[in-house]
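Remarks on the overall topology
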Amino acid sequence: MTAEETLVLVKPDGVARGLTGVILARIEAKGYVVTDLRLVQPDRDRLAAHYAEHEGKPFYEPLLEFMMSGPSVAIRLAGDRVIEGFRSLAGTTDPTTAAPGTIRGDLGRDWGLAVQQNLVHGSDSVESATRELEIWFS
Ligand code: IDP
Ligand code: MG
């Protein structure tokens, strides 16, 4: 059986703050395997596909603007239960209350903006991972 895969993004805030290496170190220390990695400046179409589930929500436009504000590092990550495991490493969506010990809890904060800049994205299911890996690595 092939190992499960997920899409991780180091979002523009993580890249701009120089935290890509720190985030990758946490992922590698956990034991997951990076099988592909690229720096991507996404256009609106790619982001609209990636975030289709959030269209119409109040933070949708600010989210797309934020994600277009600079490059992200897209990472293909492999390992048993990596989808669940990376989301656990990342912490919950709101960086203010994300648990200490997580990427968002240790490295993120609220900046008073319409969208939470929370450093990383991780796919939330096998279906999302398949769809999102196609969007970022095709
Ligand atoms: P996730 O990244 O933890 O899976 P999602 O609900 O999929 O969270 O939301 C996608 C992204 O949209 C979040 O990572 C965050 O940047 C932003 N976001 C989600 N919910 C809110 C909100 O209530 N206010 C502001 N930004 C939000
Ligand atoms: Mg999500």
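Look up: the structure comes first, before these words.
Described in the following lines is the structure provided in the data block.

The helix and strand inventory of the protein chain stands at seven helices and four strands. Each helix and strand of the protein chain, ordered N terminal to C terminal, gives the series β-α-α-β-α-α-β-α-α-β-α. When the backbone C-alpha atoms are referred to their principal axes, the protein chain occupies close to 40 × 35 × 25 Å. Per-residue burial over the protein chain gives 46% buried out of 138 residues. Carbon and sulfur atoms form 52% of the exposed surface of the protein chain, whose accessible area is close to 7,000 Å². Looking at charge distribution, the protein chain has the averaged site of its 14 positive side-chain charges lying 4 Å from that of its 20 negative ones.

Turning our eyes to something else, we now look at helix α2 (residues 20–30). Along α2, the residues classified as buried are Thr20, Ile23, Leu24 and Ile27. Mapping the buried residues of α2 onto a view down its axis gives an arc of 95°, with all of them on the same face. Once α2 finishes, Gly31 follows within two positions and takes phi at roughly 115°, a positive value.

All told, the structure shown has zero aromatic pairs when counted by the stated rule. Between Arg46 and the ring centre of Trp136, over which it is positioned, the NZ or CZ distance is 5.7 Å. The positively charged end of Arg109 is found above the aromatic ring belonging to Trp111, 4.0 Å away from the centroid.

For the structure on display, the rule yields four salt bridges. In this structure, Asp106 engages Arg26 in a salt bridge whose closest nitrogen and oxygen atoms are separated by 3.0 Å. Within this pair, whereas Asp106 is found in helix α6 (residues 103–107), its partner Arg26 is found in helix α2, the two being separated by 80 residues in sequence. You can call Asp106 partly exposed: its relative accessible area is 38%. Residues Glu84 and Arg81 are paired through a salt bridge, measuring 3.0 Å at the closest nitrogen-oxygen approach. Residue classification places Glu84 among the partly exposed residues on the basis of a relative accessible area of 48%. The exposed category is assigned to Arg81, whose relative accessible area is 55%.

Further remarks concern the pairing of strand β3 (residues 72–78). Successive residues of a regular strand alternate their side chains across the two faces of the sheet. Across the seven residues that make up β3, a large majority, six, are buried. Inspection of the sheet shows strand β1 (residues 5–10) paired to β3 by six bridges, in the antiparallel sense. Residue pairing in the sheet places Val8 in a bridge with Ile75 of β3. With seven bridges joining them, strand β2 (residues 33–40) and β3 adopt antiparallel strand pairing. Each bridged residue has a counterpart across the sheet, and for Leu39 the counterpart in β3 is Val73.

Quick notes on the rules
- Residues numbered from 1 in each chain as written.
- Chains lettered and ligands numbered in written order.
- Predicted model: local features only at pLDDT ≥ 70, side-chain atom pairs only at ≥ 80, totals over all residues.
- Heavy atoms only, no water.
- Helix = DSSP H or I, 4+ residues; strand = E, 2+ residues; numbered from the N terminus.
- Buried < 20%, exposed > 50% of the residue type's maximum accessible area, 1.4 Å probe, protein only.
- Areas by Shrake-Rupley, 256 points an atom, 1.4 Å probe, with all protein chains shown as cover.
- Lys, Arg positive; Asp, Glu negative; His and termini not counted.
- Charge placed at Lys NZ, Arg CZ, Asp CG, Glu CD.
- Arc of directions from axis to C-beta.
- Phe/Tyr/Trp six-rings, centres within 6.5 Å; stacked < 30°, edge-to-face > 60°.
- Lys NZ or Arg CZ within 6 Å of the ring centre and 35° of its normal.
- Salt bridge = Lys/Arg side-chain N within 4 Å of Asp/Glu carboxyl O.
- Pairing = 2+ DSSP bridges.

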